[in-house]
Amino acid sequence: LDLNEGPVGDDRPHILSINGTAEIPRVRGLSVSGVVRYMSGTPFTLTDSRFDLNQNGRFDDEFLPTGTYSGVGPNAITVENEGGRNGARGPDFFELDLRVTYGIRVRNSQRLQLFGELFNLTDRVNFVNPAGDSRLSSSFLVLTGLRRGPTSRLGQIGIRYSF
């Protein structure tokens, strides 16, 4: 059981989220807002499922020892492994979203709002953790899976009428 000690799968030492809104001077009703998010990578386990050294019938509990490991091929990464369960960290996450809004008063309490939004403005691809089984040499530490959400820059425009 001691070999199963390690960080939980959602452990992130660094999470940063900054947002703000600015009203543009001399242009009544125009505002710009944005949010920037950064999260360090989540932990994952490096294993070698070729052998069952402890002969317990499970091949996913043969943890690779402490050290530096690298994948091979396009999108391969290098990680520092502390050994044991969840001893390595996957790729980090970064995203910048922006919104521009222009509001117009139509009548007493009625308003018309025009807006445009850009998601993932920096067009950065955010990956999930790679395969950590060294037996799978073609996918070991190779980034292949994408995080949910916009994987490339995405924009939308809209109109909102409130009364």
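Figured I'd write up the structure that's included with this text.

Reading the values: the criteria
- Residues numbered from 1 in each chain as written.
- Predicted model: local features only at pLDDT ≥ 70, side-chain atom pairs only at ≥ 80, totals over all residues.
- Heavy atoms only, no water.
- Pairing = 2+ DSSP bridges.
- Helix = DSSP H or I, 4+ residues; strand = E, 2+ residues; numbered from the N terminus.
- Axes fitted to C-alpha atoms, helices over the stretch in contact; angles between N-to-C directions.
- Patch = residues over 30% accessible without salt bridge, like charges linked within 9 Å, V, L, I, M, F, W, Y side chains within 5 Å.
- Areas by Shrake-Rupley, 256 points an atom, 1.4 Å probe, with all protein chains shown as cover.
- Salt bridge = Lys/Arg side-chain N within 4 Å of Asp/Glu carboxyl O.
- Buried < 20%, exposed > 50% of the residue type's maximum accessible area, 1.4 Å probe, protein only.
- Phe/Tyr/Trp six-rings, centres within 6.5 Å; stacked < 30°, edge-to-face > 60°.
- Lys NZ or Arg CZ within 6 Å of the ring centre and 35° of its normal.

## Overview of the sheet that holds strand E1 (residues 15-23)
Here five strands make up an open sheet; going across it, the order is E1-E2-E7-E8-E9 and the pairing antiparallel. Both edges of this open sheet fall to E1 and strand E9 (154-162), since each of them pairs with a single strand only. Strand-to-strand twist across the sheet, computed as the mean angle between neighbouring axes with direction ignored, equals 15 degrees. When strand E8 (residues 111-119) meets E9, the two strands line up antiparallel, connected through nine bridges. By the bridge assignment, Gly116 is partnered in E9 with Ile157.

## A few points about a nonpolar patch on the surface
A cluster of nonpolar side chains, namely Ile24, Val27, Tyr102, Ile104, Leu114 and Ile159, defines an oily patch on the protein surface of about 470 Å² accessible area. Secondary-structure assignment places Val27 in the loop between E1 and strand E2 (30-39). Here Val27 falls in the partly exposed class, since its relative accessible area comes to 35%.

## Description of the packing of aromatic side chains
For the structure shown, the criterion picks out one aromatic pair. On the basis of an interplanar angle of 35 degrees and a centroid distance of 5.9 Å, the ring pair of Tyr161 and Phe163 is categorised as tilted. Residue class for Tyr161 comes out partly exposed when judged on its relative accessible area of 43%. The aromatic ring of Phe115 is capped on one face by Arg99, whose charged end is 4.2 Å from the ring centroid.

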